[in-house]
Every structure is written in structure tokens, then in C-alpha cells.
Amino acid sequence: MSTPNERKNQLVWEQLELKAYKQALQLCNRRIKKGEKSEMLLTLKAFILTHIATPATTDEAIQIARSLSDRTPPTQSVDVLRLLSRVWSNLGPSQADEVTKLWERAVKSQPQNEDLAREWFWGTVRTLDWRGAQKAAMNLQKSYTKRREYWFWAVVSSLLLHNSLPADSPERKLFGTLAYRMIDKARNDTPADTTVIPARAIQTSQEVSLLLELLSYVSPGDAHKEALDVLNSKNLGVDSTIGGGDWWGLARKRLDLLESAGDWRSLFETCKTLLPKPQNAAETNGNGEAKKDEEKKSDEKPEAVQGRGDDWRVWDGFVLAAGKLYDDGDKAVAKESLEKILEHRKALPAGSSRHGDLALVKFSSLFHDKNDGPEGTPTLLEAVEEYFVNTGNKSCCFEDIQVYLEMLEDSEKKDFLKYVEGKVEKLPEESEKQKIDKVASTINYQKFVYLLTISPLLKAIATTTKAITSFITDTLRVYVSAISLGSSLLVTDNQYGDDAALLSVMGLVRLYTLTPSDQAPLYQSIQILESLLQKSKHNYQALLLLVRIYLLIGAIGSALDIYPRLNIKQIQNDTLSHFMLTRISALLPNDARTASFLSDAGGIYESSRTQTPNMLQLAFERGGYSQMMGFLEFSERVAGSVCRSMYEVELRRLARLSPGYPDPGTVTEVGHKGTVWDNRDFSVVVDCELSSIASFEKSFRPGPTPAENWVRAFVAAEEVIRFMTAYVAAGKEANGTAAGSGEKPKPGDNLAGTLAMALEAGDRAGEFTEAEKPYLLLVGAMAELAAAAARKDGETVLKALEGITSDLFPKTLDPTTTETPAWGLLHKLWMGKDAAIVSEGLVAFLNAVKGLKPNIPKTAITALGEATKKRKIEVVKIAEEAKKSLEDEDKVQALVDAVLAEEGVGSILRKEEGVFGGVESVAENVKRIIGGVVKCFESL
Amino acid sequence: MSSVRPFTALDLFRFNATNLDPLTENYDISFYLNYLARWPTYFCAMENASGRIMGYIMGKAEGRSKEWHGHVTALTVAPNYRRLGLAKTMMDELERVTDAVYKGYFVDLYVRVSNEIAIGMYERLGYSVYRRVVDYYSGAKPGEADEDAFDMRKPMKRDKKRESVRENGRNFRVWTGSGFKARQK
């Protein structure tokens, strides 16, 4: 049951939630006037005042907060303390110390109140106030010496404070040393016999991990050695009772440390002890898959499983170390290594030791250039051939040996392909399983073909086209032939031959990138992918490629149709939604889904902001110390994500280009504490390209990839645009007396400079389209003009205006349209239209500005206004021409004919009616897709 | 090539090869971080040589007395890395942690009764149906019927009497509050 005052406070909170600050303040003032003087009411008032945030309300808030904070005895209410902390936090960094002082006084006045002391600590953790957390944790560990966790909270918060301070801060070293000394004491207090451990000694594997993590931060010089000492120690090391809690995590750390320290002897010996014993490996089929006829009871597990020995990290370290030792002159070790690998493989049925087989490949690769190695070492060619024989029916075969195939000489590559082709041809096809295995092996073979023969083809010449076309038809035939095998697959499964179809699309995309004016390969790709997705409804590779190809041809609405099938949710909004949402507001702003997807994607940033601090608290409570640096970095990377800024820019542009969409407000600061993070996942797309050239996905992006400079430039541009709009709006609010308003917005500091720097850097890094560069130059000039207007410098304003009207604005739309109407033209037209809209904003701004010396002639302002009107007409005209061009019957027929050409892919699309629907269906589909592109141009 | 390693918060940026699969649920951030904070050694990723995440397993320790056990919350392998025994390797690791760290009596997991492939795989790994939990899963679409789950268990070393194995567990029906449905909402 709440008290009357609590109910009254609730009314105030309701107003606060509605952002009705003045009403909330009135409610408080009325109660104060009636004589109520409760601490909570006064704190609430101060809290509201910080939200109104004028100089006068800020002063009053400080005054109230000061009087409450200085009361003797200090307040006993945790609720008041919590809210008062928020008041001080809202008052800015200059008052940051006040929160700590407030709690220190309160806690000191109640020295036995552990709950209050903990509450102080949790408050600092939730606000990521590491200075406060460090003090609160130190207080806890000093006051409650029997609670062991407080010691480690003090260590962690000292470390977090250390990490949050600038590198050159003397305090950084101080807190780093403190954290180190405290954890070192815990380490030294841990007895050799850990049967009984003192309270504040290290007792858990998480605390061992904290010690190791701390070493790398505060003891960089000796960190390696010291960390290895810990990991090798009997009481805390990998094989200790305490370390056993995270046995494998620590064992991996030891391998990483040995490798980075170049201690090849120890790495070799350590890996050797971890590798599975042949008899144990045999019991698990080598790859960890238990033999079906040998069900085992849990207490009879083989050692290989217990020890995680058959793990590629161990094999990799083992072979690497052997190679390094061989180079250093220790030939015996290499011999021992080879024997071990061969022994392991011998103990297992052929084909069941994937790691052992691959270790042999890696081992042979070490001697590939030297033509030596211990007796019995196979050549690299022999090793990869054998690997294919054993693993060719697994879809991972290609990526397992890709790096080694690239090491082969040209003649060896040819020999390898010939060998694999021969092996595949001879594979039996009697049973269903054999048929499925043959499809998988054939697909691996085709991936090798792509890597070694298609990927290097970078010139658009007849022989290249012929080779690629042959590859495409071969792979498409594999896909078609495999369809009948998938009749019993589940709806959630992919068909066995899907990767072959994806390879054919890769080939088609290569044809397109070699001759971008010819879009037929893209239309053929769409045909293939849409057919694939009818049978494999959830094949995300196909969905990602289809979204991308629809975007490229300018069928943005069709891409929006497909995109939801990827079911992108939660953190994927930060990592994957860029496939659809990059530059979306300058491609199809007036489709309701555009705004909806952008808003959905943006939600993840608020989720992360609110959820991560609670998870940090949980990690403290549960002693999950080794996770905490990761939680913080995760939260900082989300907060400073390039996509967060990108989507905010998109939403603001959308509000200009899509009438009726509400202004989403200001764009938040770029990055997190100045650092911009790129969390986008491009690598999820299938890739079989040589490592020396760009990935497949990168080869056909719609335009340059926006990154840090792009967001810095466009966020600055949005600030300029927003300033002008706000200035005009303020003038209207002041009944036209623009110059007289005290609340008049001011242009941001050096926006022109920020924009120019980002533009220059981004241009070098290839982040901007040809349409974006002149747009940013235009807005940069507007920023300079605004700064001159603030100085009342009419001469500079006029000069800038004339430059904009005669040069910069016209350049924001290149009227020549030689390209096939596709995404690039749509983007150019929308950017051109947006340039007109922001220039209209400039016209309104110039009309609102008073007091320039000299005044700007009206004719100069009108000239820009006229140019913006003409621009909008011009955009529509170009869009209509594009539409006509797209709908031209001869051109449509030519495209249909190209898609269905009698030779190459067209021949298969024609022939395989059951798969692709037949000639008429394909032709109709091409026309439907063109119709989708036309709609996008109509939307202009 | 595959290697097990501890999952970290930063892996949430990189687990798309698994989480784009329709059968793998994408939870909110706090769900994953909660598991990392509470049961860090129960959350492992399987990566290939270039660091790509091929699959992951997340689990927790729960229960009281003889019900103290390890629970498999999620186990997923990306489509391109199936049929390699990765699920078994990750399950082995979770079982090792249950035995060595948490001293659990058994490991259990829930699986849709219609998911015969998964049930078969778990049976090969030594799991058996302990009970059938009625209406544990929501229907895939609104209006579709809810689905029962099999609670499958495998005894660990501590369960010397093998009390977590029950004859005819498929016929032993229980009605409980729906944990998975609650999470979905």
C-alpha cells in the first residue's frame, strides 16, 4: 500500500515519462508551497530541473542538490540517494565527484549498513562509473573483511578504472598497480596444497582468468612469462584443481602464450601431451563421433574426449612447432611429429581422422618450398589429394584445404584438379547415400575449379567469358541433377545441390562485374536463386545474394520483399541489416518498410545500453570476472557502431524525402568516446576467391562501403541541415523577429571543417558514391555560410551563396545518364532531390537571417530557390526517361533473349522446365522484375 | 578443422553462420550475457582455422539434491559444418564440465518430439528419454497446436545408481510451466 506522498510522487513521475517537465515542476512547486519539505520531493524537483536544463534551472538544481547532499546527518533513504545521484550525473562531468561524495558520507554515517555500501557499489556499476565503483569496492573490502568477493570486486573495479583512463594519465598506472598488487596478494595467499584455501586467496578458475587478464593490461613487459608461470603452477595452473574449473580455456591460453612467445619446444611438448592417444582416438572414430555399435557408459569415456586432444588448436600448434624446430636445426622433432600424425591416422579407419589428415597436409606444406622434410613426408600435392579422398564428401573440405591449394605450383594445381575430377567421376552412385556423397564431392571439386581457374580471371575477354560460362553451366547441371535426391528433406533443410547453384551465381556475378553494362547475368542469377528458394526456403546464402542482386538492378522493393525472410533479429540488426539498409533512404525512401526496418534495426542500440550494465552487475555477483572486459567491449562496440550512426542518418534523410514521416530528432554523437566500431559481418557470404583478391561479396557491393568517414561526414551534414531548420523554426516561434530570440540555435563548432576532413579521408578510403561527394561539398559550403551568418559577415555569406548557386548545387546532379537504369541512377536522383530539399532549407534560412552586413540581395536568394524547383522537375524527368528506357519493348525483349540465350545458362533455364518453370515463365519473371525496377523510378 | 574454445561476448558479432539458420533462436543480448556471467565454462564456441564460428553450445547448472545437473540450453551447428561430429564434441565438453566442475548427477536437454533426427543423434550420444513434457513448445505459427518435448537425460559419474535413466520415459507424461514458451514471449 503506497503512502499519499508516494502516490503524489507517482503523478510527478508520470509527467516526467511524458517529458512534460513544466507540468511535473508545477506539481512539485505546489506541494512545496503547501509546506511539504520531504527529501524525495526536493530531489524530484532538482531532477526535473536538470531535464529543463536552462542556465537558471541548472543553477537551482545545483543549489537544491547541494543542500540535500550536505545535510547532517546525511539522508537515510536509499531511494533519495539513488535519485540524487542521478541529479548530480545529469548536471554533467563537472559534478561527477559529487555522486561519490554523497554516497561516501551516507555510508560513513552508517558503518554497519552493508546493504547501503553494496547499493553504492551497484549504483556505480549500473552507470559505468568506474571511479566511483573503485571507491565503493575498496570501502566494501575494507569494511567487511570476511566477504571474499569484495576483494575481487576491488581488483576488477580498479582494473576497469585503469582501463577507462587515458593512456598518459598518471592515475592509470596507479590503479593498474593497485589491481595487480591485490590480485598478486591473492595469488601468493593461495597455498600449494589447495585443500584448504584462505578466504581472500584465489579459489576459482574465473579468478585465475582475471589474474591472467590483468597481467596483460598492467604488466605488458613480463606478462607472457608471468602468465605462463601461473598456468604451469601446481596450485593455479591448467592441471590444478582450481584451474580445472576452466581446464580447456586455460589450456588454450597456455598454447596461445607459448606460440606468441615463440617457445616452440614447450609448445611442441605441450601439444604432444594433449594429442589423443591412438587407442583412445580409435574409440571415438578420431573425429569425436562415437562408434555406433559401441555405446559406452559415462564412466568409461576415452581419454581423448576428456582431454579435448583431438582439437585442431592442438594439432595446429603441434605441427607449427615441429616446423619451427626443424628450421632451427632439430630434424628429429619433425620426424617425431610425422610419426605421431601417421600413427594417429593408422589407428583409425580411413577417412575418419579429419584433423590427423589435415595435420599431414599442414605438415607437408611446411616443406613444400624446401623440397625436404623427414623421410616419408608426402608432397603437398599428394597430401591434399589424399585429404580430398578422405573428406571430399564433407562440405567443409574446400575451406579446410583452400589455403594449401593456393601454395601449389601452377602445374600442381592442374594436376590436383585433374586428380579430383577423376576421383569424382569414379565415385559409385548405387545407393541414395552414395549419390548424395557424389553431389557433395562434385561441389567441392567445382569450388576448387572456381578457386584455381575462375577466381584469377579478371579481364573481360572472350576466353574468360567462355571459361566462366562453362563453369556456370557445369555447376547448374550439378544443382539440377541433385534436386531429385532431396525429396525427403525437411522444410528447414537445404537441398543437397544448393551450393552448386550458388557457385553458378558466383560465376554469373563474375560475368557481370567484368561487363557491368550487361545485366543479363544478374537476371539469370535471380532466376536461379528464386528457384532454389522454392525448395530450400531458408537458405540464407541464397537470400543474402538475392537481396544484393535485387538492390544492384534497382528492384529495391523486391529486395525489401526478400529481406524479412532472413529473420534478422536482436544483435544481427547491427551485424547483418546493412545488407539491406545501407543507403536505403536514397534508394526507396517512400516505402513504409524502409522506415520500419530502419527503426527496428535502431532498437538494438537502446537494448544494449540498458541491458549490459545489469549483466555487469550479474557478473560481479556470480564471480564471472573473466567475462567482464568482454561485456564492456561489447557494449562499447555496439554504442559506437558505424551502423548506429548510419541508420540515424538514413532516418533523418528519410524524413526529408518521404513526406509524412516524422523528424526522428537529432543524430547522436558518432562512435563511443571518439572510437567508431565496425561490427558489420560481411564474411557470412559464401566465398571461394583467391586470398589475393577481394572477397566475392565485396566484388559486387552497390557502391563504395560507408564507414567511419562516411558517418562522420553525414552526421556533420545532418547537423548543418538541422541547424538551418531549427533556426527558421525559432524565427517563426518568435513571430518573425528572428534576430531577437535568446533561444536562437547556433551553428555547431567548425562543422564545415569536420565535414571537409571526413570527406577528404572518406574519399581516399573509397567510402562515398559519386553522388554523395558533391552533396557533401554543398552542405560543407552551407556550414561555412552559416558560420559567416553568425558573424553577420554578409560579404562571405553572399560569396558562399553565389558559389552554391552557380557551382556546387548544379554539381549535385549529373544529368547525363549513360548507365543502365539501376540502383546507381536511383541513388543519384534521390541524392539530387535531397540536395534540392536542403538547399530550400538554405533559402528559408537566408530569408530568416537578419542583420547581415551588407544585406544579401533578394535576387541571389531567389536564384537558388528557382534552381531547387528546376531540380525537382529535372529529377522527375530523368526518372521518367529511365522508366521509358526500362519499359522499351525492344530492350525488354533483348534482355529476355539474353537471359534465355540458346547457349550457356539460358540453355539450361530453357531445358529444365521442372526446375526453372520453362521459357514463358522465365520471360514473365524477367518482365516482373523489370516492373519492380520501374516502380522504384516511379516513386521519384 | 575445428576447435572448441570459450564463447565470449564479442562472439555475438560473429555467430551469424549459425544464427541465420531457421532452427537457431536469436535471443536478446542479456540472455547470452546472463549465461556468460553465470555459467561461463558451459558456453563454448566451435571455430575453424580462420576463426569462423561453426557452432556453439550454451548450458547451465540447475536443480537441487539429486536433481542437480547440467542443462543444454542451446546447441547449434551451421549448415555447412554438419555431419562432422561437432555436436558430439561440444556435448562432450559440456558433459566434461558437468562432471569435473559442477559435479552434476546428469545432463539433460529438451527436444521437440517431432524432431526425430535430433532425438536419434542424442540417443547415439547416450541420452534417453526421461519424460515427456506436455505442450512445452509453442506452435510455430499463431493458431498452431503446441508441441510436447522429450526431456532427455544422460547420467554422469555422480549418478552411480543411474537414476536419471527411466524405462519407457516416452510414456511418462508431465505437465509443467512452459519454460521455452515463456522465453519466446
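Residues numbered from 1 in each chain as written. Chains lettered and ligands numbered in written order. Predicted model: local features only at pLDDT ≥ 70, side-chain atom pairs only at ≥ 80, totals over all residues. Heavy atoms only, no water.

1. Regarding the confidence of the model for chain B
Residues and elements named next belong to chain B. Heads up, the rule is: On a range of 0 to 100, pLDDT expresses the predictor's confidence in each residue. For helices the rule is a DSSP run of H or I covering at least 4 residues; for strands it is a run of E covering at least 2, with both sets numbered from the N terminus onward.
For chain B, per-residue confidence averages 90 on the pLDDT scale, and residues scoring 70 or more make up 93% of the total. Between the elements of chain B, mean pLDDT differs from a low of 48, seen in helix α5 (residues 179-184), to a high of 97, seen in strand β3 (residues 53-62). Two summary scores accompany this predicted model of the complex, namely pTM at 0.91 and ipTM at 0.92.

2. What to know about empty space enclosed by the protein
Empty space among the atoms becomes apparent when a probe as large as a water molecule is rolled across them. Residues and elements named next belong to chain A. Filter applied, for reference: Space inside and on the surface of the protein is sampled on a 1 Å grid over the protein atoms alone, with a cavity defined as a set of points where a 1.4 Å probe fits but cannot get out and a pocket as an open set with protein on both sides within 12 Å along at least 5 of 7 lines; lining residues have an atom within 4 Å of a point. Grid points are joined across faces, edges and corners, and a volume is the space filled by probe spheres set on the points. Basically, the charged four are Asp, Glu, Lys and Arg, the nonpolar ten are Ala, Val, Leu, Ile, Met, Phe, Trp, Tyr, Cys and Pro, and anything else, Gly included, counts as polar.
Across all of its chains, the model carries four cavities of 30 Å³ or more by this definition. In this structure, the second largest cavity occupies an estimated 190 Å³ of space. In terms of lining, the second largest cavity is formed by 18 residues, of which the most central are Arg548, His578, Thr582, Arg701 and Pro702. Elements represented by at least two residues in the lining of the second largest cavity include exactly α27 (540-553) and α30 (578-581). If you tally residues by element for the lining of the second largest cavity, the top one is α30, at four residues. Of the residues belonging to the lining of the second largest cavity, the class tally is ten nonpolar, four polar and four charged.

3. A word on the pairing of strand β4 (residues 69-77) of chain B
All names here are of chain B. Rules: Only protein chains enter the accessibility calculation, which uses a 1.4 Å probe. A residue is then buried if its area is under 20% of the maximum for its type, exposed if over 50%, and partly exposed in between. Strands were regarded as paired on the criterion that DSSP finds at least two bridges between them.
Where burial is concerned, most of β4 is hidden: eight out of the nine residues are buried. Where β3 meets β4, eight bridges bridge the pair, whose relative direction is antiparallel. Residue pairing across strands places Gly59 opposite Val72, the latter belonging to β4. Counting the residues in the hairpin turn of β3 and β4 gives six residues, including Gly63, whose phi is positive at 95 degrees. Alignment of β4 against strand β5 (residues 106-112), held across four bridges, turns out to be parallel. Counterpart to His71 in the pairing with β5 is Asp108.

4. A look at the sheet that holds β3 of chain B
Each strand in a sheet pairs with its neighbour through backbone hydrogen bonds, running either in the same direction (parallel) or in the opposite one (antiparallel). Strand order in this open sheet of eight strands is β1-β2-β3-β4-β5-β7-β6-β8 (chain B), and the pairing throughout is mixed. With one partner strand each, in any of the chains shown, β1 (3-6) and β8 (173-174) of chain B form the two edges of the open sheet.

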